[in-house]
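For reference, the chains in residue letters:
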Amino acid sequence: MERWDRIGRVAAYGAAAALVPYLLIKVAWVVGSLLGLLPVGQGFSLGGWLVLNTVTIGMAAAGITLGLALVRPWGMRIPGWLVGFFAWVGSGFLVSILPFVVVSALVNSGAESSKGSGSSGSDAAMPGWEAMLLQCSFVGTGIALAIALPAYLWRRWPHALRRPEPPGTRTSPGLLWPAASGAVTGLAWLYWAAGGFLGIAHRDERPASWHVLVGVSACWALAAAAAVLALVRRRPTRLPYPLLLALAWLGSGSMFAWSGWRLPATVYVALAHPSDVSYPENVAVAMALHVTAVLTGAGIMGTLVRGDRVPRSAGPSLVDRML
C-alpha cells in the first residue's frame, strides 16, 4: 500500500499540473478577446464568450485546487463533504470522458483514412496546437484523478471503502428509484447512439462523435444504475465492493456533471432559437433527459452517502464513516 500511496501522490500533482495549460489558454482567450487581439468563438457574442470562458477558468482553478488537496497536508483538513463533492463532480467530468476520447480518436482516424489525403484542417475552430493542449489537459487530468482519488480516499477513510455486513432484510422499494431512472435515461441515450429517430429533430446532424458521446453517456448511466441496484440489495454479490462503489460514483458523477453542464445551453437554444446553433435531438426531449440525469446522479450519490443500502442497525453510513 505504501507504493500505491506514493503513486497516488505523484498522480495528484500530475492532475493539477495537467490543467495548467488549459487554464492559461482560457485566460489568454478572455484577455485577447477583451483587447481585440483574438476573435470571438464562432456562434458566440462577446459577452457570451467571456462568460463561458470565465466559468471554465473557475472550473480549471477548482480542478487544480482539488488535485493539490489530494496530496498536500492541508487537503486532509478540508471537510470531507467538500472534498467529496468536488472530487465527485471532477471525476464525473474528466474520468468518465476518457472512454469517449479513446473511441472518438479511433473513429476519427478511421474517417480520415477513408477520406484520403484530400482533407485538410483549414476549417478548424482553433490552431491545432491549442486543440492538442486542451485535449491533453482533459485526458491527463482524468487519468491522474483516476489514480490519485482512490489513493486519497484509502489514505483518509480506509474503513469507508470496506463492504458493510448488513442483516438479511428486504430492500425498500423507495430506494430503487435512482436505479430505475438511471436505467431509463441510459436506455434512451443508448437508443439514440444506435441510430434511433424518436426524439431526434435533425437526423442529418449527427456526426460520429455525437453517437460516441451519447453512447458513452448511456453506458455510464446504465453502469451506475446497475451498481446502485447491487448496493441497495440485501443479497450478497460476487462483484468487488470497491468496484460497485466506483461504478456508482463515476456513473452518477457523469450524469450530474455533464447533464448539469449541457442543460443551461439546451435551455438557451430552446428559448433564444439562435440561427447558428442547432442540436440533433429535440430540445424539449433533451432537456427532460438532462433534468432526469441530474436528479438521478444526485439521487444515486444521496443513496450512497445516506447509507440507504444498509439499515441503521448494521452500522454507520458511508458519510458517517467519511466525516
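All values derive from a computational prediction rather than experimental measurement. (Residues numbered from 1 in each chain as written. Predicted model: local features only at pLDDT ≥ 70, side-chain atom pairs only at ≥ 80, totals over all residues. Heavy atoms only, no water.)

*Asks:* Give a detailed account of the pattern of salt bridges, specifying residues and quantitative values.
*Replies:* Under the defined criterion, the tally for this structure stands at two salt bridges. With a closest N to O distance of 2.8 Å, Arg 9 and Asp 5 form a salt bridge. Placement of both Arg 9 and Asp 5 in helix α1 (residues 2-18) is noted, with a separation of four residues, approximately one turn of the helix. The salt bridge involving Arg 155 is made with Asp 5; its shortest N-O contact spans 2.7 Å. Placement of the pair is Arg 155 in helix α6 (residues 128-156) and Asp 5 in helix α1, with a sequence separation of 150 residues. A network of salt bridges, in which partner residues are shared, links Asp 5, Arg 9 and Arg 155. (Salt bridge = Lys/Arg side-chain N within 4 Å of Asp/Glu carboxyl O. Helix = DSSP H or I, 4+ residues; strand = E, 2+ residues; numbered from the N terminus.)

*Asks:* Provide a residue-level description of the confidence of the model for the protein chain, including the pertinent values.
*Replies:* Across the protein chain, pLDDT averages 82, with 82% of residues at or above 70. The lowest-confidence element of the protein chain is helix α11 (residues 318-322), averaging 49 in pLDDT; the highest-confidence one is helix α7 (residues 177-193), averaging 94. Below a pLDDT of 50 lies the segment residues 112-124, which in the model reaches zero contacts outside its immediate sequence neighbourhood of four places, other chains included. This model gives residues 308-317 a pLDDT under 50, and the stretch forms 30 contacts once residues within four places in sequence are excluded. (pLDDT = per-residue confidence, 0-100. Contact = heavy atoms within 4.5 Å.)

*Asks:* If you had to explain the environment of Phe 197 to someone new, which residues and values would you point to?
*Replies:* Checked against the element boundaries, Phe 197 lands in the loop between α7 and α8 (208-232). Residues Phe 197 and Pro 280 lie 83 residues apart in sequence; the distance between their C-alpha atoms is 10.0 Å. Excluding residues that lie within four positions of it along the chain, Phe 197 makes contacts with Tyr 191, Arg 203 and Arg 206.

*Asks:* So what's going on with α6? Residues and values would help.
*Replies:* Between its first and last C-alpha atoms α6 spans 41 Å; for 29 residues at 1.5 Å apiece the expected length is 42 Å, and the two agree. Maximum bend of α6: about 30 degrees, positioned at Leu 145. (Expected span 1.5 Å × (residues − 1). Bend = angle between axes of the 7 residues up to and from the residue.)

*Asks:* Lay out the nonpolar core in plain terms, naming residues and giving numbers.
*Replies:* Nonpolar side chains tend toward joint burial in soluble globular proteins. Counting residues in each nonpolar core, the largest one holds 55 residues, and the members touching the most others are Leu 70, Leu 145, Trp 189, Trp 192, Leu 231, Trp 249 and Met 255. Only α1, α4 (80-94), α5 (98-115), α6, α7, α8, α9 (241-272) and α10 (283-306) provide two or more residues apiece to this core. Examining the composition of this core, we find that 13 residues originate from one element, α8, more than from any other. If we skip the residues at most four places from it in the chain, Leu 70 touches Ala 12, Leu 145, Ala 148, Leu 149, Tyr 152 and Arg 155. Counting residues in hydrophobic clusters, the runner-up holds 10 residues, among them Tyr 22, Leu 23, Ile 64 and Leu 134. (Core = buried A, V, L, I, M, F, W, Y, C linked by side-chain atoms within 4.5 Å. Buried < 20%, exposed > 50% of the residue type's maximum accessible area, 1.4 Å probe, protein only.)

*Asks:* Go over the packing of aromatic side chains with me, naming the residues and quoting the values.
*Replies:* This model, assessed by the stated rule, comprises nine aromatic pairs. For the pair Phe 85 and Phe 256, a centre-to-centre distance of 6.4 Å together with 80 degrees between the ring planes defines the contact as edge-to-face. You can see Phe 85 sitting in helix α4 and its partner Phe 256 sitting in helix α9, a full 171 residues away along the chain. Overall, Phe 85 belongs to the partly exposed group, its relative accessible area being 37%. What makes Phe 256 partly exposed here is its relative accessible area of 24%. Among the aromatic residues, those joined into a ring-pair cluster are Phe 85, Phe 86, Trp 88 and Phe 256. Between the NZ or CZ atom of Arg 203 and the centre of the ring of Phe 197, over which it lies, the distance is 4.0 Å. (Phe/Tyr/Trp six-rings, centres within 6.5 Å; stacked < 30°, edge-to-face > 60°. Lys NZ or Arg CZ within 6 Å of the ring centre and 35° of its normal.)

*Asks:* Talk me through the side chain of Ser 259; I want residue IDs and the actual numbers.
*Replies:* Along the chain, the position of Ser 259 falls in helix α9. For Ser 259, a relative accessible area of 1% gives the class buried. With residues near it in sequence (within four places) discarded, Ser 259 still touches Trp 189, Ser 254, His 290, Ala 293 and Val 294.

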